[in-house]
Every structure is written in C-alpha cells, then in structure tokens.
Amino acid sequence: MESRQNIERADLQLTDEVVDINRVTKVVKGGKNLSFTALVVVGDPEKHVAGYAKGKAKEVPSAIRKAIEKAKKNLIQVNVLGPTIPHEVLGVFGAGRVLLKPAREGKGKIAGGAVRKVVEAAGIQNVLTKCIGSRNPHNVVKATFNGLSQLRSREEIARLRGKDPAKIGGNR
C-alpha cells in the first residue's frame, strides 16, 4: 500500500500538529479505565516530508508525545511540482476518500480540518481537496497520506513510460 522510505531525520526541521484527541474508556471488573488517544501529524514543509501516528496514554500530554515519536518514524516523501501537486489523486482508507487536485499559483489550500493539517505539514501551498464519505479524522488523515503516497514526479512517470521527461504533458 504505502511505501515508507528511510528518510534521514537529523537534517529535518519537523513541526507537529495535533489533529484529534479522543477520550476512551475500557470497562474492567473494578470500573472504567480512562485513557486518551492523540492523532498527530508531523512534517517539514521545506523538504516536503510528512508523517502521522496515533498515541495512547493515561494523560493527554503523554499521548501527544508518544504520537509525535511514532510519527517521526513513519515519514514519507511527498512529490510536488512547484507549490502544488503534480496530478489529481484519490486517497482511500476505509470509508474515507480524499480527492486532491492541483491548484494554480495563489489559489491557496482549499482544505478543511484534518486534510489541511496534513497538506500544511507536507508543505503544499496550492491544492484543492474534497472529503468524500467518512469524515472521521483518523480515516481522513490515512486517506490523505494514501493519496500523497500515490503522487509521482514527472521524471518517475517518464521512466515508467520509457519517454523523455520534457515530452511528458503538463504546462505547470
């Protein structure tokens, strides 16, 4: 599904953003055990690298800290074309679908909630997005990352087709 490359974390300036915090309980013999889950997105907008993870702990700050540490281990490189993405893509996870479309210069991030945080972490300035199906932040983030991992550079497409990168279409 998603191929995670080994990305050198030492030279990255990672920023983190909390997407969702959820209170969960486990019913046991003695009552209810309360804990918290945190969904976090980390990224370096300059290098177009992003990752996400979920952390779970008894307190919110520890859940966030755990999620950040896990997210730093799950980074992906996002292929971009200038300030936007190279082509339209549909990311799918469960019932959540996220449509990502390239946008012209100056259009901005037309994205809401969880998708906006992922796109900002990846350093994409101009993009149009649409959530289809599930609006659950966990599914939306995973679908967005699925879409971002499907993005291919012009050179990669040319290599797969056996053509010259300059002859591949697109006026961007």
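For clarity, every value in this text was computed on a predicted model and none was experimentally measured.

Definitions and cut-offs
Residues numbered from 1 in each chain as written. Predicted model: local features only at pLDDT ≥ 70, side-chain atom pairs only at ≥ 80, totals over all residues. Heavy atoms only, no water. Helix = DSSP H or I, 4+ residues; strand = E, 2+ residues; numbered from the N terminus. Expected span 1.5 Å × (residues − 1). Buried < 20%, exposed > 50% of the residue type's maximum accessible area, 1.4 Å probe, protein only. Contact = heavy atoms within 4.5 Å. Patch = residues over 30% accessible without salt bridge, like charges linked within 9 Å, V, L, I, M, F, W, Y side chains within 5 Å. Areas by Shrake-Rupley, 256 points an atom, 1.4 Å probe, with all protein chains shown as cover. Salt bridge = Lys/Arg side-chain N within 4 Å of Asp/Glu carboxyl O. Pairing = 2+ DSSP bridges. Axes fitted to C-alpha atoms, helices over the stretch in contact; angles between N-to-C directions. Phe/Tyr/Trp six-rings, centres within 6.5 Å; stacked < 30°, edge-to-face > 60°.

(A) Geometry of helix H1 (residues 60–73). For H1, which comprises 14 residues, the first-to-last C-alpha distance of 21 Å matches the rise-based estimate of 20 Å (1.5 Å per residue) to within 8%. Taken residue by residue, H1 has Ser-62, Ala-63, Ile-64, Ala-67, Ile-68 and Ala-71 as its buried positions. Where H1 is buried, its residues touch strand E1 (15–28), strand E2 (31–44), strand E3 (49–57) and strand E4 (75–77).

(B) The arrangement of a nonpolar patch on the surface in detail. The grouping of Leu-90, Val-92 and Ile-132 at the surface amounts to a nonpolar patch, some 200 Å² of accessible area in total. Mapped onto the elements of the fold, Leu-90 is located in strand E5 (residues 89–93). Relative accessible area serves as the criterion here: at 36%, Leu-90 is assigned to the partly exposed category.

(C) The arrangement of the sheet that holds strand E6 (residues 96–102) in detail. An order of E5-E6-E8-E7 is seen for the four strands of this open sheet, with the pairing classed as mixed. Looking at strand neighbours, the two that pair on one side only are E5 and strand E7 (109–110), the edges of this open sheet. Where E7 and strand E8 (residues 127–133) come together, two bridges link them in parallel fashion. Looking at the pairing, Lys-109 lines up with Val-127 of E8. Each of E5, E6 and E8 is contacted by helix H3 (residues 137–150), which is oriented at about 135° to E5, the strand it contacts most.

(D) Inspection of the packing of aromatic side chains at higher detail. Applying the stated criterion across every chain yields a total of one aromatic pair. When the centroid spacing of 4.8 Å and the interplanar angle of 40° are considered together, the rings of Tyr-52 and Phe-145 count as tilted. A residue pair is termed long-range when its members are at least 10 positions apart, and Tyr-52 in strand E3 and Phe-145 in helix H3 qualify at 93 residues. You'll find Tyr-52 and Phe-145 in the same group, each marked buried.

(E) Examining H3 more closely. Given a rise of 1.5 Å per residue, 14 residues ought to cover 20 Å, and the 20 Å separating the end C-alpha atoms of H3 matches this to within 8%. Burial of H3 is extensive: 11 of the 14 residues sit out of reach of the surface. Of the residues making up H3, those classed as buried are His-138, Asn-139, Val-140, Val-141, Ala-143, Thr-144, Phe-145, Asn-146, Gly-147, Leu-148 and Ser-149.

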